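A look at the structure
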Amino acid sequence: MARPASPATGPHRSDKRAELLLGALASVVLVLIAGMVVFVLAKAWPSFSHNGLAWFGSGGNVDTQLIDIFNSPANPDKYEYTFHAWPLLYATALVTLGAVIVGLTFALFAAIFIVEFAPNRLRAVLEPVVRLLAAVPSVIYGLIGILVLVPFVGNHLISQGRKESVAYVVQLSGNSLAVAVVILTVMITPIMIALIVDALRTVPRSWTEGAHALGANRWRVVWTIAVRAARPAIVGACVLATARALGEAIMLSMVSGSVGFAPNPLDGLTFFVEPVRPLAATIVDNAEGLSVKPLGQTLYAFAAVLLISSLFLSLGAWLVRQPMKRYGVRP
Amino acid sequence: MEAATARVPAARPLESGWRRSDRLFVGLCWATGILLCLIAGSLVLYMLFRGLQYVSVDLLTTHPVSDLDQSKTGGFLDPLIGTVILAVMGTLIALPLGVGAAVWLTEYGRPAWLARSVESGIEMVAGTPSIVLAIFGLLLFSQQFLSFLSFTASGNAVFGRSFFAAGAMMSLIALPLIFGATRAALQAIPSHVREASYALGKTKAATIRRVLLPMSREGMATGTALGMGRIAGDTAIVVILLGATLRLQGVGDEPVLSTLRGTGSTLTSYVYNNSPAGEGNAPDKAYAAAFVLLMVVIALNFGIDLFTSRRARRA
Amino acid sequence: MSSAATPPPPVRRIQVDADPTVVAPSTPGTTNGGHSNVGLAAPRRRPHRATDGLERMRAEELTVYYADKPAVKGVTLPVRSGEVLSLIGPSGCGKTTLLRTLNRLTELTATASFEGRITLDGEDVLAQEVTSLRRRVSMVFQQPNPFPMSVFDNVAYALREQASRRPGRDQLRPQVEEALRRAGLWDEVADDLSHPALRLSGGQQQRLCIARALAVRPEVLLLDEPCSALDPRSTATIEELILKLRDELAVVIVTHNLQQAYRIADFVGFMYLGELVEYGPADQVFGDPRAKRTKDYISGGFG
């Protein structure tokens, strides 16, 4: 951005004061954020240092480990820290990736529909509806999930026989991977649709007209020109959606299940109805134990993982958009 | 030479200059569009149906009753008040920070490394999950030097959960929205406005105060409304930082401060607690509260849409 | 932006009782010895060619409406191969709309519709698929609009879209090279065909757009003020290019630059407020225009 305009007579004393004051306000924000990163990492350190890299590995039942940590005595020397977070990390990855992949596909085609193929009256209804869906609080999605979808899956989709066959390992109650992914998809898709629609609309008309004049049909023009030009925005929408999916705690704690279980894809269809508990949901479920030192530190370790992941996400998105600049696609 | 034929309309139907895969994709687009309509429609209709089934005026005006069987008695007046308090507090704290940072970034912005860091920092906050903000807030407000903002138990453990704590963290949710909207509004002001002001002899500070900020009022209002909407809809911070008491429990004796230092609940935590995920077992109350919450959010967004479209039409 | 040094030109009034539409060319002998009597001093690039070209397209009584308002009124025009037809007229006279209707590009505007008939090689334009029509009638726009891809992908775009099965890069290379050669751009880009198209200069980008339009070997080339965004050097290059292309295709060029039309046109159609006021060989329209409005326009009276 060009240098902002300034008065010709040079900085006045009140200007210097204003600049300092405003600069201080802006820096407060920065200090807060830096403080957040530092403090969360510092509080999380004992859990990481005690387990080393095995913190990310698997081994043992996550829930019993958490209970042990919670029950460990008040003597600081005898704190229990053993923890292997793999089932939680795996659950987080499954739920997030599933929702983002399905959501992105859906959002892309829905956005193309809204911009190119929808009749005018339908378009005028769909756009505010999409914005509305994006603003609905996550607890409402969770409520519908837990009161409608979970009983539906539990009572109608999972047969009694299937439940009994795995009863010795895990309870299939309808709180499942499938419900979590479905509702999370519905939660993150509207934002992606809105962002992609905006991006498709700002593609210069000269490009799409030129493509039409060369004899490409309407679908090919949208796909090869508009979507291609909107790629940076699509990447941005993906990142936003992934960040939202990663950090979703409340809705997932309501529908995904309360056991830290790692579903096995080799289980076939049962894989989709096994319960999971992503990281953020685990924090919420164990929130009462935050003041108990070792459990609190373990939970802060979860938060640290979430924080670093969202940092890396933004960085990765920025990196992916750089090569696209070469061909003139605006970042 | 034929006589002029009937007027040829502009849009032509799909012709056979299309490959089969092209037609498939267009069909897919239509399918997703219709699916979108169906999902949105069923969501809204279901909430409407359930909400109207259970909501009533005295639910909105009576205090909740702490009873093991929640489904019989009490309303959700306290959670409603809690939502309002948090929304107001959060935006009140976020406004000076967000507007100040936006003004500094667009009008001054020196040194450049600081400007870039502030921008990236606010983007980071926007991307941080609210659960992480929540437990950072707990960490912060459990410290001794902030004990006056909440309840201190015997044994010197700072409780750390209060309206102050929740409101402060909620401000971080509204901050990126207010910052973004204000910055967009300021950048949209053409430079000749500033130059005219300076040419009249006004200092930069006076220009900002008297000319630029009033001109960006609408952008700020939009950002504030968006922020309030997001604060009203957030649950994670409330669950962790508001102490989860059904009714507003004040701490101390001062009139307003005691409520703010105390604990309570909001519509979102009320819905959460009354669902099978929480302790209460009153799905009808949960539906009613969710309905009210949804109406508030819809009204807010509808208002923002109306406002921005009217502004666009005027421009 | 205008300096106050020279006084503004005098305002000339338009005579409303002038002769309206004239279509057939006049008989020779009434011209002014081949010299223009309206002050255009530059020599013509090539002498006017005899009209023995094959008629490619024909607009008959064409009226184009934008939401009930006619932008083009009852125009009848032939487009012949081997000659350059230039449409001139002041802004808003409908020449661009007429051009865009020839390849049905007006269909992209929801409120546009037309009456009348346009034929390509005798066949009604509406009876064909619009995608194959646009392969035979290509267009170059006023602002160079290369796609955000490499030079190669730009030129190969139409070839890839028109093929039923996606052709490989090696298959496309000879056609891309031929199109770039015809557009006079080959020497400048041959060493790096994957260069981003948006990094070329303005004149190069416009020639790239011409190459892109030529890749599918069209029969008619429509140009909508192709040089108005370019500097004089690039303009000269493109004008030479057009003259070279006219041997192989039918060229229709819309221009508001009378000098340019004088330099390169074989036939000229003067439009005013949607009507075709005069159509004829360039020598006759510039040298001895029959309609009063044409005379006023060419001598700088308005527009």
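Throughout this document, residue positions are counted from 1 along each chain, in the order its sequence is written. Throughout, the order in which chains and ligands are written sets their labels, letters from A for the former and numbers from 1 for the latter. Local features are withheld for residues below a pLDDT of 70 in this predicted model, meaning they are given only at 70 or higher, and side-chain atom pairs are given and counted only at 80 or more; totals for whole chains, interfaces and linings count all residues.

**Brief notes about the overall build of chain C**
- Labels follow the DSSP assignment, with helices taken as runs of H or I lasting at least four residues and strands as runs of E lasting at least two, numbered in each case from the N terminus. Secondary structure summary: chain C contains 10 helices and 10 strands in total.
- Counting other C-beta atoms within 10 Å of each residue's C-beta, where C-beta atoms are placed from the backbone, gives the exposure class: buried for 20 or more, exposed for 12 or fewer, partly exposed between. In chain C, which comprises 303 residues, the proportion classed as buried is 47%.
- Sequence separation of 24 or more characterises 75% of the internal contacts of chain C that already satisfy a separation of 6 or more. Once C-beta atoms have been placed from the backbone, residue pairs whose C-beta atoms lie within 7 Å are recorded as contacts.

**Details of the overall build of chain B**
- Per the secondary structure count, chain B includes 13 helices and 0 strands.
- Burial analysis of chain B (315 residues in total) assigns 49% to the buried set.

**A word on the interface of chain B and chain A**
- Facing 73 residues of chain B, the contacting portion of chain A comprises 70 residues.
- Ranked by residues supplied to the side of chain B that touches chain A, first place goes to helix H1 (residues 20-54) of chain B with 14 residues.
- Residues belonging to the side of chain B that touches chain A are distributed by class as follows: 47 nonpolar, 19 polar and 7 charged. By the convention adopted, Pro, Cys, Tyr, Trp, Phe, Met, Ile, Leu, Val and Ala count as nonpolar, Lys, Arg, Asp and Glu as charged, and the other residues, Gly among them, as polar.

**A look at helix H7 (residues 232-245) of chain C**
Residue and element names in this part refer to chain C.
- Helix span, expected: 1.5 Å multiplied by one less than the number of residues in the helix. Helix length check: H7, at 14 residues, gives a terminal C-alpha distance of 20 Å against a target of 20 Å (1.5 Å per residue), a fit within 8%.
- Restricting attention to buried positions, one finds in H7 the residues Ser234, Ile238, Leu241 and Ile242. With its buried residues spanning 100 degrees around the axis, H7 presents them on a single face. Residues of H7 that are exposed and angled more than 90 degrees away from the buried face: Pro232, Arg233 and Lys244. Regarding the arc, it is the one traced by the directions from the helix axis to the C-beta atoms.

**Overview of the nonpolar core**
- What we call a nonpolar core is a set of buried Ala, Val, Leu, Ile, Met, Phe, Trp, Tyr and Cys residues whose membership is set by joining through C-beta atoms within 7 Å. Of all hydrophobic cores here, the largest spans 288 residues; its most connected members are Ala111, Ile196, Ile283 and Ala303 of chain A together with Ile135 and Ala290 of chain B.
- Ignoring any residue separated from it by four or fewer positions in sequence, one finds isoleucine 283 of chain A in contact with Ala249, Leu299, Phe302 and Ala303 of chain A together with Ile131 and Ile135 of chain B.

**Things to note about the interface of chain A and chain C**
- Between chain A and chain C, the contact holds 17 residues from the first and 21 residues from the second.
- Contributing elements (two or more residues each) for the side of chain A that touches chain C: helix H8 (205-213) and helix H9 (218-229) of chain A.
- It is H8 of chain A that provides the largest number of residues to the side of chain A that touches chain C, a total of 6 residues.
- When the residues that make up the side of chain A that touches chain C are grouped by side-chain class, the tally is 8 nonpolar, 6 polar and 3 charged.

**Observations regarding the sheet that holds strand S1 (residues 55-66) of chain C**
Residues and elements named next belong to chain C.
- Taken in spatial order, the 4 strands of this open sheet run S2-S1-S4-S5, and their pairing is antiparallel. Each edge of the open sheet carries a strand with a single partner, namely strand S2 (69-80) and strand S5 (123-124).
- In this structure, S1 lies alongside strand S4 (residues 112-120), joined through 8 bridges in antiparallel fashion. Bridge pairing links tyrosine 65 to serine 113 in S4. For two strands to be treated as a pair, DSSP must find no fewer than two bridges joining them.

**Digging into the pairing of strand S7 (residues 220-224) of chain C**
Residue and element names in this part refer to chain C.
- Among the 5 residues of S7, 5 are classified as buried, and the element is accordingly described as predominantly covered.
- The side-chain alternation of S7 yields two buried faces, one formed by Val220, Leu222 and Asp224 and the other by Leu221 and Leu223.
- With 4 bridges joining them, strand S6 (residues 137-140) and S7 adopt parallel strand pairing. Pairing of valine 140 across the sheet is with leucine 223, part of S7.
- Two strands pair when backbone bridges link them, and S7 and strand S8 (residues 250-254) are joined in this way by 5 bridges, in the parallel orientation. Within S8, the position partnered with leucine 222 by the bridge is valine 252.
- Classification remark: right-handed applies to a crossover when, strands pointing away from the viewer, the course from the first strand over the helix to the second runs clockwise. Once you follow S7 into H7 and on to S8, the crossover reads as right-handed.

**Quick look at the sheet that holds strand S9 (residues 267-272) of chain C**
All names here are of chain C.
- One open sheet accounts for 6 strands, arranged S6-S7-S8-S3-S9-S10; its pairing is mixed. Looking at strand neighbours, the two that pair on one side only are S6 and strand S10 (275-281), the edges of this open sheet. With strand direction ignored, the average angle separating the axes of adjacent strands in the sheet is 15 degrees.
- Direction of pairing for strand S3 (residues 84-88) relative to S9: parallel, over a ladder of 4 bridges. Within S9, the position partnered with isoleucine 88 by the bridge is phenylalanine 270.
- The axes are straight lines fitted to the C-alpha atoms, using for helices just the contacting stretch, and the angles between their N-to-C directions are given from 0 to 180°. With respect to the sheet, helix H6 (residues 202-214) is in contact with S6 and S7, its orientation differing from that of S6 by roughly 170 degrees.

**Observations regarding the pairing of S9 of chain C**
Residue and element names in this part refer to chain C.
- Across the 6 residues that make up S9, a large majority, 6, are buried.
- Here S9 runs beside S10; their pairing, made up of 6 bridges, is antiparallel. Bridged to valine 268 within S10 is glycine 280.
- Hairpin connection of S9 to S10: 2 residues between the antiparallel strands, including leucine 273 at a positive phi of 50 degrees.

**Some thoughts on helix H10 (residues 231-247) of chain A**
- Between its terminal C-alpha atoms H10 of chain A stretches 24 Å, which fits the 24 Å expected from 17 residues at 1.5 Å a residue.
- H10 of chain A sits mainly inside the fold: 13 of its 17 residues count as buried.

**A closer look at unusual backbone geometry**
- Cis geometry marks the peptide bond from arginine 110 of chain B to proline 111 of chain B; its omega dihedral reads -5 degrees.
- Looking at where proline 111 of chain B falls in the secondary structure, it is placed in the loop between helix H3 (77-108) and helix H4 (112-127).
- Of note, the phi angle at glutamate 225 of chain C is positive, near 45 degrees, even though the residue is not glycine.
- Not every positive phi belongs to a glycine, and leucine 273 of chain C is a case in point at roughly 50 degrees.

**Structural notes on the environment of leucine 66 of chain A**
- If you trace the backbone, leucine 66 of chain A turns up in helix H2 (residues 62-71).
- Residue leucine 66 of chain A is classed as buried on the basis of its C-beta count, with 20 C-beta atoms lying within 10 Å.

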